[in-house]
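Secondary and tertiary structure notes
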Amino acid sequence: MSRYEIAFSGELAPGATLEQVEANLTRLFQADAQRIALLFSGRRVVIKQDLDYDSVEKYRQAMARAGAVAEVRPMPVEVEEIELAPPLGIGRARHIDDGLGRYVEYAKTTLPRGASLAGLKVVVDCAHGAAYKAAPEVLWELGAEVVPLGVAPDGFNINREVGSTHPRTAAETVVAHGAHVGLCLDGDADRVVMIDETGTVADGDQFMALLARRWAAEGRLRHNTLVATVMSNLGLEQCLAREGLRLERTAVGDRYVVERMRAGGFNLGGEQSGHIVMTDHATTGDGLIAGLQFLLAMVEEGQPASALARQFEPVPQMLRNVRFQPGQTPMEAASVQAAMRSAASRLEGQGRLLIRKSGTEPLVRVMAECEDPALLQEIVEGLVAEIEAVLKAPA
């Protein structure tokens, strides 16, 4: 039977607008802005491979209704001689029937023996994803009153208007139910966003500051160091310094955080977006286990979520994106380099500057932090203007 692949190169149907098609594809694929932008990067992007004709035609028609012209190609048939493995060389698979139960029990053991969440009303949004059964069960077994959201996956609705990528639903539910706190997981449950009793969303920097402070006081924070990315707010670094703790920064991405943690022997790290890595408990991020640490802090410190989720005042931050065309290299221009050096000099002692190319889109990201909002705006807008001038200049 023939197999096919479907790809997209950015071609729009007659009469369709880019904004309309981007919005339609966002809904169709339930994708974030970065993934949708990749579809319009000018490169041929394979959407799906190894489909039968009926399946690939359904994809093509769905994209056509969204205003996107997709390309369908038959996949080459590869026929090769293979040597079969002898019977004794074939491995065996073993199904673990009680995997859910094992995880639930393990998650509970990450809290101190006898710890209870009794008295807490917790909204947990599972994003119709991986933790839709485990998270409510763990919280209930620990004694919390649980208000579950996003616990009805149908194979298509993962992250759709719920979870850490859409925390508004959970925030409204926290307020409506008079809950003490909300936990928003993403679809694969490796990320968590905390929501306080007022419906305010706290970012990962505040959460990491809380954990670092508590773990250091308990003598658990290895080398008195937290690992975070270059995107974490300067206020986090200043907060840790006041506690005698260090912040090590990595490139953006939880994989780089984990790599640095392993290399340096650190046990706490994460990202502003809510990936919290605690290697005492897991090898990578686990949103539920991280969320339990926040709930434990509420119980042990007797503080509301709003107090614990505000460990420091963030330094004002501004981020602007500048789109460029394939083949353009604005960062290499002498005028841009000079503007960057001037901006860094002006920020010295009161802020920091980060300019980098996106790893997924044709964008230059200009980010700065500064205690002086007026200076912050002046510097960012000046750099953006210089980059845009280079992009508009004749080649």
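To be clear, the structure that these remarks concern was listed above.
This write-up is about the structure you can find in this document. (Residues numbered from 1 in each chain as written. Predicted model: local features only at pLDDT ≥ 70, side-chain atom pairs only at ≥ 80, totals over all residues. Heavy atoms only, no water.)

**Notes on the overall build of the protein**
The secondary structure content of the protein amounts to 13 helices and 15 strands. Considering only C-alpha atoms, the protein reaches an extent of 65 × 60 × 50 Å along its principal axes. A buried classification covers 44% of the 395 residues belonging to the protein. Considering only intrachain contacts with a sequence separation of at least 6, the fraction spanning at least 24 residues in the protein is 67%. For the protein, the exposed surface amounts to about 20,600 Å²; the carbon and sulfur share of it is 51%. (Helix = DSSP H or I, 4+ residues; strand = E, 2+ residues; numbered from the N terminus. Buried < 20%, exposed > 50% of the residue type's maximum accessible area, 1.4 Å probe, protein only. Contact = heavy atoms within 4.5 Å. Areas by Shrake-Rupley, 256 points an atom, 1.4 Å probe, with all protein chains shown as cover.)

**Notes on unusual backbone geometry**
Here Asn-159, not a glycine, exhibits a phi torsion of approximately 65°, which is positive. Take Asn-159: it is sitting in the loop between strand E5 (145–149) and helix H6 (168–177). The phi dihedral of Glu-161 falls on the positive side, at around 60°, and the residue is not glycine. Of note, Glu-161 is situated in the loop between E5 and H6.

**So, the nonpolar core**
If you look at the biggest cluster of nonpolar residues, it comprises 53 residues, and the most contacted ones within it are Leu-268, Leu-292, Phe-294 and Leu-295. Those residues in contact with Leu-295, other than ones at most four positions away along the chain, are Leu-117, Leu-120, Val-122, Leu-139, Val-181 and Leu-183. With 21 residues, the next largest nonpolar core counts Val-322, Ala-343, Val-384 and Leu-391 among its residues. (Core = buried A, V, L, I, M, F, W, Y, C linked by side-chain atoms within 4.5 Å.)

**Focus on the sheet that holds strand E14 (residues 351–357)**
Strand pairing within a sheet occurs via backbone hydrogen bonds; the two strands may be parallel or antiparallel. Across the sheet, which stays open at both edges, the three strands sit in the order E13-E15-E14 with antiparallel pairing between neighbours. The sheet is open, and its two edges are formed by strand E13 (317–323) and E14, each paired on a single side. Pairs of neighbouring strands in the sheet enclose a mean axial angle of 10°, with direction left out of account. With seven bridges joining them, E13 and strand E15 (residues 363–370) adopt antiparallel strand pairing. If you follow Asn-321 over to E15, its bridge partner there is Arg-365. Along the sheet face, helix H12 (residues 334–347) touches E14 and E15 and points at about 155° away from the line of E14. Of the strands in this sheet, E13, E14 and E15 are in contact with helix H13 (residues 373–392), which crosses E13 at around 5°. (Pairing = 2+ DSSP bridges. Axes fitted to C-alpha atoms, helices over the stretch in contact; angles between N-to-C directions.)

**Focus on the packing of aromatic side chains**
Scanning the entire structure with this criterion turns up three aromatic pairs. Look at Tyr-4 and Tyr-53: their rings are 5.8 Å apart centre to centre, the planes differ by 70°, and that puts the pair in the edge-to-face class. With Tyr-4 in strand E1 (residues 4–12) and Tyr-53 in helix H3 (residues 53–65), this pair connects stretches of sequence that are 49 residues apart. Taken together, a centroid distance of 5.5 Å and an interplanar angle of 90° make the contact between Phe-207 and Phe-294 edge-to-face. Taken together, the positions of Phe-207 in helix H7 (residues 204–217) and Phe-294 in helix H10 (residues 287–301) put the pair 87 residues apart, joining distant regions of the chain. Here Phe-207 matches Phe-294 in class, with each residue buried. The lysine or arginine in question, Arg-220, covers the ring of Trp-215, its NZ or CZ lying 4.2 Å from the ring centre. (Phe/Tyr/Trp six-rings, centres within 6.5 Å; stacked < 30°, edge-to-face > 60°. Lys NZ or Arg CZ within 6 Å of the ring centre and 35° of its normal.)

**Describing the pattern of salt bridges**
Throughout the structure, instances matching the rule amount to 26 salt bridges. Close ionic contact of Glu-300 with Arg-214 constitutes a salt bridge, the shortest N to O distance being 2.6 Å. With Glu-300 in helix H10 and Arg-214 in helix H7, this residue pair connects regions lying 86 residues apart in the sequence. When the shortest N-O distance is used, the salt bridge between Arg-346 and Glu-378 registers 3.0 Å. Separated by 32 residues along the polypeptide, Arg-346 in helix H12 and Glu-378 in helix H13 bring together distant segments of the chain. Taken together, the shared-partner salt bridges in this structure form one network comprising Arg-213, Arg-214, Glu-218, Arg-220, Glu-300 and Glu-301. (Salt bridge = Lys/Arg side-chain N within 4 Å of Asp/Glu carboxyl O.)

**A word on the pairing of strand E4 (residues 121–125)**
Most of E4 sits inside the fold, with five of its five residues counted as buried. Here E4 shows two buried faces, one formed by Lys-121, Val-123 and Asp-125 and the other by Val-122 and Val-124. Pairing between E4 and E5: five bridges, direction parallel. Looking at E5, one finds that Val-122 is bridged to Val-146. Each parallel crossover has a hand, and for E4 linked through helix H5 (residues 134–141) to E5 it is right-handed. Pairing of E4 with strand E6 (residues 181–185), which is carried by four bridges, proceeds in the parallel orientation. Opposite Val-122, over in E6, you have Val-181 as the bridge partner. (Right-handed = clockwise from strand over helix to strand, strands pointing away.)

The values are spatial; any link to function lies outside them.
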